[in-house]
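Descriptive analysis of the structure
Residue-level listing of the chains:
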Amino acid sequence: DVSTITATDAILKAELRLTLDTTKTLSGNMGLPNKISLITRLQKDSSVTNYGATYSSGRLSGSDKVIFYNVGQALDQARRSYNGKASFSIVSTGSMLERHAMYGLNAPPDKRPVLIVTYAARPTAGGKR
């Protein structure tokens, strides 16, 4: 939910950090791939769901962390057209029958999803806001 960021402000960068739950992640028939994808889900009401930008990232070497370095376009789209609300769904990048599981909001603090948004006010004509 990024509805508190004014629609006229510019999102400069948005980074989504997830932690892989290795106890619930299952390797596929060719092992566990390093590439993980997200698709943006945007919903105005309960009857209509639109899908937006897709993002790809990889598991950081030697770590259970996955970082999507700039999901700002999805947040901008949510802010401008969907009352500031969107969600991300993890999607398979192949047919290897793998299952990626990520820690959620009820996990220990160091494993919870983190969204870092950097934004700035856009100047108006005459230099006043």
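Details of the structure are given in the entry above.
Bear in mind the structure is a predicted one, so any value in this text is a computation, not a measurement. (Residues numbered from 1 in each chain as written. Predicted model: local features only at pLDDT ≥ 70, side-chain atom pairs only at ≥ 80, totals over all residues. Heavy atoms only, no water.)

A short note on the sheet that holds strand E4 (residues 65–68)
If you walk across this open sheet you meet the three strands as E4-E1-E6, and the pairing is antiparallel. In the strand order of this sheet, the two ends are held by E4 and strand E6 (114–120), each with one partner. Within the sheet, the average angular offset between the axes of one strand and its neighbour, ignoring direction, is 15°. Pairing of strand E1 (residues 10–19) with E4 involves four bridges; the strand directions are antiparallel. Within E4, the residue paired with Leu18 across the bridge is Val66. With respect to the sheet, helix H1 (residues 72–81) is in contact with E1 and E6, its orientation differing from that of E1 by roughly 115°. (Pairing = 2+ DSSP bridges. Helix = DSSP H or I, 4+ residues; strand = E, 2+ residues; numbered from the N terminus. Axes fitted to C-alpha atoms, helices over the stretch in contact; angles between N-to-C directions. Contact = heavy atoms within 4.5 Å.)

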